[in-house]
Amino acid sequence: MKKRGTGIAFKSIFGLVLLLTVFSGIVTVIGFNGMTETLLAQYADGAFRTANSSVLTLDRELLDEYAEKGESSEEYRYAWDRMSELCNASGATFIYVIQPDTTDYGHITFIFSTINENTSYSPYSFGYVRETTNDDYREKYRAMYEQGSEEELVIRDKGHIETDPHITAMVPVKGTNGEVKAILCVQRQMDELKVSRNSFVRRVLFLFIGIVLLVTVGQGIYLHRVLLRPVKKVTEEASRFAEEGVSRGQKLTDSIKNNDEIGLLAESIDTMEERISTYVEDIKTITAERERVLSELSLASRIQASMLPSKFPAFPDRTEFDVYASMDPAKEVGGDFYDFYLIDSDHLCLTIADVSGKGVPAALFMMASKIVLANYAAIGCSPAEILKRTNDRICQSNHEEMFGIDGLVSALNENADGAPETIIGGVKKAVDDFAKEAEQFDDITMLCLEVR
């Protein structure tokens, strides 16, 4: 029974879906990172714009007074109101001004702290002191106070974060003499970034699912039409031919028009069926011919056996002698034969002979020879005369000629002065030329002696 999920269609579609999955994963990662970088750049640009605008709300001549009097100063409250309005208008989460401890930048003191009214966070009070969040912030502070940096950006979206993923854009607040007095920070939560990224992932996922479904259906239909249906026809035809052994009227190539390996396979199946059918017909013809020949040989064997004396005792009324004979042919019919009969009351003729060759030709020659011998014996010829006349009669009708003594002498005289090897080679060539295409039916043995 065929295992489920091992078909060509399943493997093809599974492989294609796997490639699509890998490709989609790569595209998603690239798109996700690209979108994140773009959104972060937009977030940072907006935050720095807000930061630079917030700096303008501060009176640089009153920076020391802000830090000293704080909320008791009317100018401080005015600057705080403008900063708070800007915080809500720009969509920032926090806008605050801090003074780091410049000895090691390990602590910061809040001068201003505003918060967007749409958030659940609380602002820091004036003069609040807290530890610097981490080394990244500490180095950013140092860069502004000691290295003249005009803006720094901190992105916090990994690890332990107190206020969810956010960015903090920082610009220096300088006095009239250009000295850095404080750092203004704009913090923006990355809620929109998270929403956008999640939306992007969902869209990619839905798109991927849609593409997979489309590819699965499309590839399934395509494979069924182009591959599976033709392969099924080829398989069914091969199974049918293996079971029935006969070609059908319609060829596979009449219904399979593929100009690919499947088309070649269908053509090969058609050719195979034609050749096997032809071979089977040839085998039937050969078998029928062989059966006919065997039948004729069987009949010839029976005829041959009927022509030879087979009833014993052959002469039951003659007590002065007895005779018995048998013949076992090498094939269905043979060339050997025997015969015995009374010529008269005082003469018994016995014949035993060997005809060269085997099979039907030898049997026919045997029957002809037997009849001729019996005829000459019946007219009272002596044994020598019987054999001579029979030989003459047979040779009259025999043209397949003997090499004979004359042929041997002629072959020897052609190389009379040659070495024994040359002489024997010459005789062998003369025999082969004489026999032409005739099959060798007896041994050929030669020996040459040179007397010096």
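Residues numbered from 1 in each chain as written. Predicted model: local features only at pLDDT ≥ 70, side-chain atom pairs only at ≥ 80, totals over all residues. Heavy atoms only, no water.

**So, the overall build of the protein**
Here is step 1: A tally of helices and strands in the protein yields 11 helices and eight strands.
Here is step 2: Counting only residues that meet the buried cut, the protein has 32% of its 452 residues in that class.
Here is step 3: In the form shown here, the protein has an accessible surface area of approximately 29,800 Å², with 55% of it arising from carbon and sulfur atoms. (Helix = DSSP H or I, 4+ residues; strand = E, 2+ residues; numbered from the N terminus. Buried < 20%, exposed > 50% of the residue type's maximum accessible area, 1.4 Å probe, protein only. Areas by Shrake-Rupley, 256 points an atom, 1.4 Å probe, with all protein chains shown as cover.)

**Examining empty space enclosed by the protein**
Here is step 1: Estimates place the volume of the largest cavity at around 60 Å³.
Here is step 2: Residue lining of the largest cavity: L58, L63, D64, Y66, A67, V97, Q99, I111, F112, K181 and A182, and that is the complete set.
Here is step 3: Put simply, the parts of the chain that give the lining of the largest cavity at least two residues each are α2 (63–69), β1 (94–100), β2 (107–115) and β6 (180–189).
Here is step 4: For the lining of the largest cavity, the element with the most residues is α2, which contributes four residues.
Here is step 5: Residues that form the lining of the largest cavity fall into these classes: eight nonpolar, one polar and two charged. (1 Å grid on protein atoms, 1.4 Å probe; cavity = no way out; pocket = protein on both sides within 12 Å on 5 of 7 lines; lining within 4 Å. Points joined across faces, edges and corners; volume = space filled by probe spheres on them. Nonpolar A, V, L, I, M, F, W, Y, C, P; charged D, E, K, R; others polar.)

**Quick word on a negative patch on the surface**
Here is step 1: Together, D59, E61, E74 and E75 make up a negatively charged patch on the protein surface.
Here is step 2: Along the chain, the position of E74 falls in helix α3 (residues 74–90). (Patch = residues over 30% accessible without salt bridge, like charges linked within 9 Å, V, L, I, M, F, W, Y side chains within 5 Å. Salt bridge = Lys/Arg side-chain N within 4 Å of Asp/Glu carboxyl O. Lys, Arg positive; Asp, Glu negative; His and termini not counted. Charge placed at Lys NZ, Arg CZ, Asp CG, Glu CD.)

**Here we look at the pattern of salt bridges**
Here is step 1: What the rule picks out here adds up to 17 salt bridges.
Here is step 2: Close ionic contact of E85 with R82 constitutes a salt bridge, the shortest N to O distance being 2.9 Å. Here the residue E85 and the residue R82 both occupy positions in helix α3, the gap between them amounting to three residues, near one helical turn.
Here is step 3: Among the residues examined, R82 registers a relative accessible area of 24% and is labelled partly exposed.
Here is step 4: Taking the shortest distance from any N to any O, the salt bridge between E150 and K174 comes out at 2.8 Å. Taken together, the positions of E150 in the loop between α4 (135–146) and β4 (152–156) and K174 in strand β5 (residues 166–174) put the pair 24 residues apart, joining distant regions of the chain.
Here is step 5: Residue class for E150 comes out partly exposed when judged on its relative accessible area of 48%.
Here is step 6: One salt-bridge network, in which partners are shared between bridges, spans D64, E179 and K181.

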